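Take a look at the letters that make up each chain.
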Amino acid sequence: MKDIRIWDGPSKPASGSEPELTRRSFLRTGAAAVGGMAALAAALSPLRELALDDIPNFDQFLQKHYKEMTAAEMDQALERIRKKVEDRYAVRPHLRDVKPMEGVEFVYALNLSRCIGCRKCVHACVAENNQSRSPEIQYIRVIEMPRGTLDVEKGNHHYDHPTVPDANHFYMPVQCHQCANPPCVKVCPVEATWQEPDGITVIDYDWCIGCRYCEAACPYWARRFNFAKPNLPKDQLNPNMSYLSNRPREKGVMEKCHFCLHRTREGRMPACVEICPTGARKFGNVLDPKSEVSEILKTKRVFVLKEEVGTLPRFFYYFDERYPNTLDPEAVAIAQRLKVEEGDAYGCLPGAAGPRKDFVAASTPEWWNGARA
Amino acid sequence: MADPPHIAIDGVPQNCNGCHQIFQSNSPAGATLNYHQEIRLQHGLNNRCVNCHDSQNRERLTLRDGATVSFAETPQLCAQCHGTVYRDWERGTHGKTLGSWITNSDAQRRLSCTECHNPHSPKYEPYRPLPGPNTLRMGEQLASPVHGAREGQSPLQRWLRDVDPKHHNHATTDGGHP
Amino acid sequence: MKTYLKFLVRCFRLSFVGDYRYYAWMFMLTVFVLLGINAYCKQLVHGLATTGMTDQVSWGFYIANFTFLVGMAAAAVMLVIPVYIYRNRELHDLVIFGELFAVAAIIMAMLFVTVDLGRPERFHHLLLRFNFPTSMLTWDVLVLNGYLLLNLHICGYLVYCAYRRRQPSKLFYIPFVFVAIVWAISIHTVTAFLYSGLGGRPFWNSAVVAPRFLASAFAAGPAFLILSLSVLARFTTYQVPAKAFMTLRNTVAIALSISMFLLGSEMFTEFYTDSAHGASAKYLFFGLHGRHALVPWIWTAIALNLVAMLLLYLPLSRRLPVLQAACVMLIVGIWIEKGMGMIVPAFIPTPLGEIVEYLPTLNETLVTLGIWAGGLLIYTILVRVTVPVLTGRLTYDQEFSAAMDTRSSIVATPTEAHS
């Protein structure tokens, strides 16, 4: 390789030996070294403020990924977490690892005609799932939308009327949609988040490295990051917890809605469903054709947010067919005008003996009846 | 709702018929009420007591064909006018279900009409909404830019400034939860 | 082996030797590094709340600098390609400085990712459950580390051969050079795919992101090399052929033009379509709902890039000071465009339509400066060691003092350099 001439430069004759280590140069080097170390020590000094329980102990450091832990290792991890919770919150938690149920795929449906924007779900969720109170972490965001649009950019997250619902708005709560094709799972570099057989996307809080790629990837802004050490008053801890859901989190990891899996995998309703004063929130097993959510998917016009991004959410929005007259006095007037016709349409003419069930049955498609039988 | 309903009068539990067998309502139109002043009847066109309450037996509800049902069977009564809603409620797409999502499990309980709606005034009362997102209300312009614009930018920043690392417990007392 | 260890020891000792300007420069960098370490320690204690990032804008300054630096690293090939593919002789010996900078840039890029992590102590989880090939971040980890090793090998091998006065064996570096060329393009492409693969962020979800990244990197990288070669020519005896500057100038001018063209294409698509997906672009260029923190930045960047482009096409920039000025403008312009202009607006408005602005905090800025200072420190040391080796003042058969002789050989006085 003749064209590489990088050693061709003018070479100087050797002049003398390696420089002597004089007393002066020794002192100078020593002083510089000491000064450097002192400066480094000063730079590192903030580390002294690291709280002891912030530093992972040996067991936690070596803890395996959720899917790799044996039963015994899981027991050990659970015991470690119980102890930590007890140390921090002075409560012995009922902590376990709840596994998904066979033949269950959870689906959520939300009736936009019924939601009044009271934000009870938001706060029930926080109380149930031990989120940090300050800085505040909430999984549900209720957006106040002007009528006539579904463009969230026109919505208001911070509405603060004396009372809700406001006559000119409807309310759209958004939380994790537990997508069947979750972009957050796809992007996680360490598989700290994955989809469970029952459709819930979970996070191993002990595995997450906090890169926040999932947060960037989520089209529903459903994921939250612990930018600081979560702050949860002792008396507000919910001791009923599970490994993959609401056990207290650490600083620097992601979290998000998990359909209250510590409740729902034991047959109970999620906290947000339980608290909802209007029954706008519906939850159930879509593999069961008789479940409420199956009925909604079959009989209501449902839609999902941002269908174009191909995430296949398990969270559906729907409207009731009728304009909710509770929100609109005009609708009452219309109803008065139409009273006879409307009653007729559903077989409840004044004087009739309740709804004619045969009419209801006849007006619904075959497969719907089949599913009911 | 208890069936039949009862009420405490002077501390003595009474059924509806306890009074109504003595004081026959002589005004079927229900123009004026001397009793039940607390009831605000705001049910649209349905503005007469005896549309729903059986005029003979006040512990029963009357259907349009003259048959009566007990208070526990309210949905049948409501369904006479609210057919679509009744249909949805039967399917579970309207109304609230508690206890369990497992269909037909013992724990599952679907609330009936009057457990959510006041039958005399079925429209929901307006609610005072719970507080909106607070800590993450970032980028909001501060009313008075006392602190530098940079500091004012982020509530997380403000939070960090408020929480002196030496007084970590201080922050616990002012959690965002109501 | 013993010779090699001695080589390393000599390199280490050499990095502490220089004249007062060298010491001043290194001292300044060290101060910034220490400030950065201090700021990072605070971040470790209090969490990423010490940054301006929020759940709404969850990536900020760190990732912006990371993106920019990956581009700078990739741009090292803009020197390698003319040399090894087009046999351009002027750039021959300069290739190594490009690759040394690639090493420093990759290290900086990796540091930026590391400081962005919420749980850096769990870094080993990457080794235990590597979500490859699904996660683009794992691709990035692979290609960045691979690129670092490739460049370390190529530079290290060539320099050590020069030190041993040996003819470098073609087999040991030419294949690596060609792999490195493809690899360099891959690192920036993968980094672009990191963003453009996210359907939930329409601002990033564009096929033009990767070409734009490459074009802007191939402008900023050689521009940085022009600057560092200028420093080299000014302060050392190392001879930088004037033609090298002109070759780099052409590269920069063309790459910058392509970059501006792609930016224009992106802007046309966003603004002519005028769909809801253009909200982030609207925010970036014109502000949205009364929020316009980034507007002055992006227009500054565009103005700097346009002026730089104009200068580069004018004969005026054949004069070194003008060329240097154009390079500085361009680097700053691209840094803004790719950093604040590419990463931050994708988060504004959020997928739920909330508009939350982002400004880096002081602590975050200090960490960023610290990493930059650290990278420049590494680059300075690498160059400091490489120059005497390449000019034949530090070889295995010479005494160390030859290289230590700061006045006459390493750091020439300005008059000497100009002679």
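Above this text sits the structure in question.
Residues numbered from 1 in each chain as written. Chains lettered and ligands numbered in written order. Predicted model: local features only at pLDDT ≥ 70, side-chain atom pairs only at ≥ 80, totals over all residues. Heavy atoms only, no water.

Visitor: Sorry, what's going on with the overall build of chain B here?
Guide: Tallying secondary structure elements over chain B gives seven helices and six strands in all. The order of helices and strands in chain B, counted from the N terminus, is β-β-α-β-β-α-α-β-β-α-α-α-α. Out of the 178 residues belonging to chain B, those deemed buried represent 30%. When the accessible surface of chain B is totalled, it reaches about 10,800 Å², and 52% of it is carbon and sulfur. (Helix = DSSP H or I, 4+ residues; strand = E, 2+ residues; numbered from the N terminus. Buried < 20%, exposed > 50% of the residue type's maximum accessible area, 1.4 Å probe, protein only. Areas by Shrake-Rupley, 256 points an atom, 1.4 Å probe, with all protein chains shown as cover.)

Visitor: Help me out: how do you make sense of the overall build of chain A in this one?
Guide: Within chain A one finds 13 helices and 12 strands. Restricting to contacts in chain A with at least 6 residues of sequence separation, those with at least 24 account for 65%. (Contact = heavy atoms within 4.5 Å.)

Visitor: Honestly, the interface of chain A and chain C in this entry has me stumped. Any pointers?
Guide: When the parts of a complex come together, some accessible area is lost, and that lost area is often used as the size of the interface. Taken together, the 76 residues of chain A in the interface contact 81 residues of chain C. For the pair chain A and chain C, the summed buried surface comes to about 6,800 Å²; carbon and sulfur atoms form 56% of the total. For the pair chain A and chain C, the interface holds four salt bridges. The salt bridge partner of Glu68 of chain A is Arg129 of chain C, with a shortest N-O separation of 2.8 Å. Here chain A is connected to chain C by 30 residue pairs in polar contact (both at pLDDT 80 or more). For the side of chain A that touches chain C, the secondary structure elements donating two or more residues are α1 (23-44), α2 (58-62), β3 (141-146), α5 (183-187), α6 (213-217) and β7 (224-225) of chain A. Of the residues that constitute the side of chain A that touches chain C, the class distribution is 42 nonpolar, 12 polar and 22 charged. (Buried area = accessible area lost by both parts, 1.4 Å probe. Salt bridge = Lys/Arg side-chain N within 4 Å of Asp/Glu carboxyl O. Polar contact = N/O pair within 3.5 Å; in protein donor to acceptor, adjacent residues only side chain to side chain. Nonpolar A, V, L, I, M, F, W, Y, C, P; charged D, E, K, R; others polar.)

Visitor: It is not clear to me how the pairing of strand β12 (residues 315-318) of chain A should be interpreted in this structure. Could you clarify?
Guide: Here is the key point about a regular strand: its side chains alternate between the two faces of the sheet. All names here are of chain A. A two-sided burial pattern is seen for β12, the buried positions comprising Phe315 and Tyr317 on one face and Phe316 and Tyr318 on the other. Of the pairings in the sheet, the one linking strand β2 (residues 106-111) to β12 comprises four bridges and is parallel in character. Within β12, the position partnered with Asn111 by the bridge is Tyr318. Pairing of strand β11 (residues 302-303) with β12 involves two bridges; the strand directions are antiparallel. Pairing of Phe303 across the sheet is with Tyr317, part of β12. (Pairing = 2+ DSSP bridges.)

Visitor: Would you mind showing me how to read the packing of helix α5 (residues 95-116) of chain C against helix α7 (residues 136-163) of chain C here?
Guide: The axes of two packed helices give the description: the angle between them and the distance between them. All names here are of chain C. Interhelical geometry of α5 versus α7 gives an angle of 145° and a closest axis separation of 9 Å. Helix-helix and strand crossings are classified by hand; for α5 and α7 the assignment is left-handed. On α7, the residues that touch Ile96, Glu99, Leu100, Ala102, Val103, Ile106, Ile107 and Met110 of α5 are Leu144, Asn145, Tyr147, Leu148, Asn151, Leu152, Ile154, Cys155, Leu158 and Val159. Classifying every residue of the contact of α5 with α7 by side-chain character gives 15 nonpolar, two polar and one charged. (Axes fitted to C-alpha atoms, helices over the stretch in contact; angles between N-to-C directions. Left-handed = near helix turned anticlockwise from the far one by under 90°.)

Visitor: Explain the packing of aromatic side chains here, please?
Guide: Given two aromatic rings, one states the distance between the centres and the angle between the planes to describe the pair. All names here are of chain C. Inspection of the entire model under this criterion finds 45 aromatic pairs over all chains. Ring geometry for Phe61 against Trp335: centres 5.8 Å apart, planes inclined by 80°, an arrangement best described as edge-to-face. A residue pair is termed long-range when its members are at least 10 positions apart, and Phe61 in helix α3 (residues 61-74) and Trp335 in helix α13 (residues 320-338) qualify at 274 residues. For Trp335, a relative accessible area of 22% puts it in the partly exposed group. With a centroid separation of 5.7 Å and an interplanar angle of 65°, the aromatic rings of Phe285 and Trp299 are classed as edge-to-face. You can see Phe285 sitting in helix α11 (residues 279-286) and its partner Trp299 sitting in helix α12 (residues 295-313), a full 14 residues away along the chain. (Phe/Tyr/Trp six-rings, centres within 6.5 Å; stacked < 30°, edge-to-face > 60°.)

Visitor: Is there a simple way to explain the side chain of Gln175 of chain A in this structure?
Guide: Residue and element names in this part refer to chain A. Residue position: Gln175 is located in the loop between β4 (169-174) and α5. Engagement of the side chain of Gln175 in a polar contact is seen with the side chain of Arg281, the distance being 2.8 Å. Those residues in contact with Gln175 that lie beyond four places of it in its chain are Tyr108, Tyr139, Ile140, Ala222, Cys257, Cys272, Arg281 and Phe315.

Visitor: What am I meant to see in the state of the cysteines here?
Guide: Throughout this description, disulfide means a covalent bond between two cysteine sulfur atoms. All names here are of chain A. All told, the structure shown has zero disulfides over all chains when counted by the stated rule. We note that Cys115 lacks a disulfide partner, and the nearest cysteine sulfur, in Cys121, lies 6.5 Å from it. No disulfide involves Cys184; its sulfur sits 6.2 Å from that of Cys218, the nearest cysteine. Residue class for Cys184 comes out buried when judged on its relative accessible area of 9%. (Disulfide = S-S within 2.5 Å.)

Visitor: Looking at this structure, how should I read the side chain of Asp204 of chain A?
Guide: Position of Asp204 of chain A among the secondary structure elements: in the loop between β6 (201-203) and α6. Of note is the side chain of Asp204 of chain A, whose polar atom sits 3.1 Å from the backbone nitrogen of Tyr66 of chain A.

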